[in-house]
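Residue-level listing of the chains:
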Amino acid sequence: MLTLDHHPSGRHFLQIPGPSPVPDRILRAMSLPTIDHRGPEFGVLGLKVLDGIRQVFRTKHPVAIYPASGTGAWEAALVNVLSPGDAVLMFETGHFATLWQKMALRLGLKPEFLAVPGTDAATGLPWSWRRGVQADLIEARLRKDAGHTIKAVCVVHNETSTGVTSDIAAVRKAIDAAGHPALLLVDTISGLASADYRHDDWGVDVTVSGSQKGLMLPPGISFNALSPKALAASKAATLPKAFWAWDEIVEMNKAGYWPYTPNTNLLYGLSEALDMLLEQGLDAVFARHQRWAEGVRGAVRAWGLPIQCADAAVYSPVLTGVITPQGVDADAIRKLIHERFDLSLGTGLGKVKGRMFRIGHLGDCNDLTLMAALAGVEMGLKLAGVPLAGSGVAAAMEYFAAHPQPRALAAAA
Ligand code: PLP
């Protein structure tokens, strides 16, 4: 029986799409003594992390940091800019888009949930859970809203339940092409610091993110990146807000402080994570994730199993969803792999429960941790009797060997 003090030998392979493995450098930074959150050293830390996180969101505008999980930052985004009964246009890309839509309902908003219609006959899965946001459907819907009753468009940038990204710049263009004043709210909880993201360039009004994915931190802090238009909307919005309200946070952040006790040790970790990401350079970080993703997809193709994302243009660099053959319980395979090889894979969520599993390739990974994960998956699939077309492990080894990371190239030169 598993107990909380279960410590198998060696490292656990945490290949779920967040929380991602936390680098030792960050864990050490977080072990520093907790300091006075009103004292002078804290202000220096606060200003440093606020400046660094703006660079990661690629924004010049304020970013609110909450001691909360991503769900809290979802709520913060909605309650700061909307009023009771406001219509919001959301897009069904998977489980997390669905949860955000349910939250909007609970808050007394009127969400309308667009989706790609139909089901893929080959896998039995809804098409909407295999594709990204369709900006043309958003544009068409906004064009019909002549009275501008829709106050916000809410989309998920990297749908963690499916391994599909969405083209946020295209959504911005669709809103502008329709001549509609709706705010654009984007969840990139699992995309930030792994997949290219540009809050200002893409004209996003509120971006929501969290600590436990590309930022390589434990769960526990989350973010709202703001635009001047969002800040202006927050002055008029009347959904109740107190803890989540941006005004006092933005004001106190000017000196590096918060209106409540912030999560000091996670902010030490954030400071270290920002150093690591900005030292490497965001473009190199994104390229690293793209390369891992391609290696993992090569393995899935070699096994002969379908990749959940059905549109190659929007493959996620963060995770890959693997569809199991009809009648094969993906969760039973995950359980077997966990028990036999101490490897955690992401479960299928919501409408795809039992039909797929997710391999995370984000955060503090490298080629060999991914090779180990793929070996665990391949052994598990074979033990479960899933017929495989070939060896995914061999395919990934070939890909990684033939495509060295830029740093490895430099060392060899
Ligand atoms: N949105 C996305 C895309 C997510 O991946 C998650 C969590 O995995 C959430 C929202 C919810 O965040 P949290 O679980 O940190 O509250």
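Values in this document were obtained by computation on a predicted structure and should not be read as measured data. (Residues numbered from 1 in each chain as written. Predicted model: local features only at pLDDT ≥ 70, side-chain atom pairs only at ≥ 80, totals over all residues. Heavy atoms only, no water.)

### Quick word on the overall build of the chain
Regarding its fold elements, the chain presents 14 helices and 13 strands. Taken over C-alpha atoms, the radius of gyration comes to 21 Å for the chain, in line with the 22 Å a tight globule of 413 residues would show. Once the C-alpha set of the chain is aligned to its principal axes, its extents read approximately 60 × 55 × 50 Å. In the chain, which comprises 413 residues, the proportion classed as buried is 57%. Expressed as a percentage of contacts within the chain between residues at least 6 apart in sequence, the contacts between residues at least 24 apart total 74%. Taking the average place of the 38 positive charges on the side chains of the chain and the average place of its 38 negative ones, the gap between the two points comes to 3 Å. (Helix = DSSP H or I, 4+ residues; strand = E, 2+ residues; numbered from the N terminus. Rg over C-alpha atoms; globule rule 2.2 N^0.38 Å. Buried < 20%, exposed > 50% of the residue type's maximum accessible area, 1.4 Å probe, protein only. Contact = heavy atoms within 4.5 Å. Lys, Arg positive; Asp, Glu negative; His and termini not counted. Charge placed at Lys NZ, Arg CZ, Asp CG, Glu CD.)

### Describing the nonpolar core
Counting residues in hydrophobic clusters, the biggest one holds 68 residues, and the most contacted among them are I53, I65, W100, L185, L215, W246 and L270. It is helix α9 (residues 264–280) that provides the largest number of residues to this core, a total of eight residues. Filtering out sequence-adjacent residues up to four positions away, W100 remains in contact with W74, L78, M90, C154, V155, V156, L185, V186, D187 and V208. I307, I359, M371 and F400 belong to the second largest nonpolar core, which has 31 residues in total. (Core = buried A, V, L, I, M, F, W, Y, C linked by side-chain atoms within 4.5 Å.)

### Details of the site of the ligand
Every residue lining the ligand is accounted for by S69, G70, T71, W74, F96, N158, T160, D187, I189, Q212 and K213. At a separation of 2.5 Å, an oxygen atom of the ligand approaches a polar side-chain atom of T71. In the environment of the ligand, a nitrogen atom lies 2.6 Å from a nitrogen or oxygen atom belonging to the side chain of D187. When the ligand is considered free in solution it has 390 Å² of accessible area, and contact with the protein chains removes 87% of it. (Near = heavy atom within 4 Å. Polar contact = N/O pair within 3.5 Å; in protein donor to acceptor, adjacent residues only side chain to side chain. Areas by Shrake-Rupley, 256 points an atom, 1.4 Å probe, with all protein chains shown as cover.)

### Some points on the side chain of R355
Position of R355 among the secondary structure elements: in the loop between β12 (343–345) and β13 (356–360). One buried charged residue, R355, forms no salt bridge at all, with the nearest opposite charge on D329 at 8.1 Å. Setting aside anything within four residues of it in sequence, one finds R355 in contact with T123, L125, V322, I323, T324, P325, Q326 and A330. (Salt bridge = Lys/Arg side-chain N within 4 Å of Asp/Glu carboxyl O.)

### Overview of the packing of aromatic side chains
A full pass over the atoms with the stated rule returns ten aromatic pairs. Between the aromatic rings of Y66 and W244, the centroid separation amounts to 5.0 Å while the plane-to-plane angle is 75°, which identifies the pairing as edge-to-face. With a gap of 178 residues between them, Y66 in strand β2 (residues 63–66) and W244 in the loop between α7 (228–236) and α8 (246–253) connect regions that are remote in the sequence. The pair Y66 / W244 is uniform in exposure class, with both members buried. One aromatic cluster in this structure is built from Y66, F243, W244 and Y260. Over the aromatic face of W127 sits the side chain of R131, whose NZ or CZ is 5.0 Å from the ring centroid. (Phe/Tyr/Trp six-rings, centres within 6.5 Å; stacked < 30°, edge-to-face > 60°. Lys NZ or Arg CZ within 6 Å of the ring centre and 35° of its normal.)

### Section: unusual backbone geometry
Residue G18 is joined to P19 through a cis peptide bond whose omega torsion reads -5°. Phi is positive for H148, which is not a glycine, with a value near 55°. Looking at the element boundaries, H148 is found in the loop between α5 (135–144) and β5 (150–156). Positive phi is not limited to glycine here, since M216 has a value of about 65°. Mapped onto the secondary structure, M216 falls in the loop between β9 (206–210) and β10 (222–226). According to the relative accessible area criterion, M216 is buried, its value standing at 5%.

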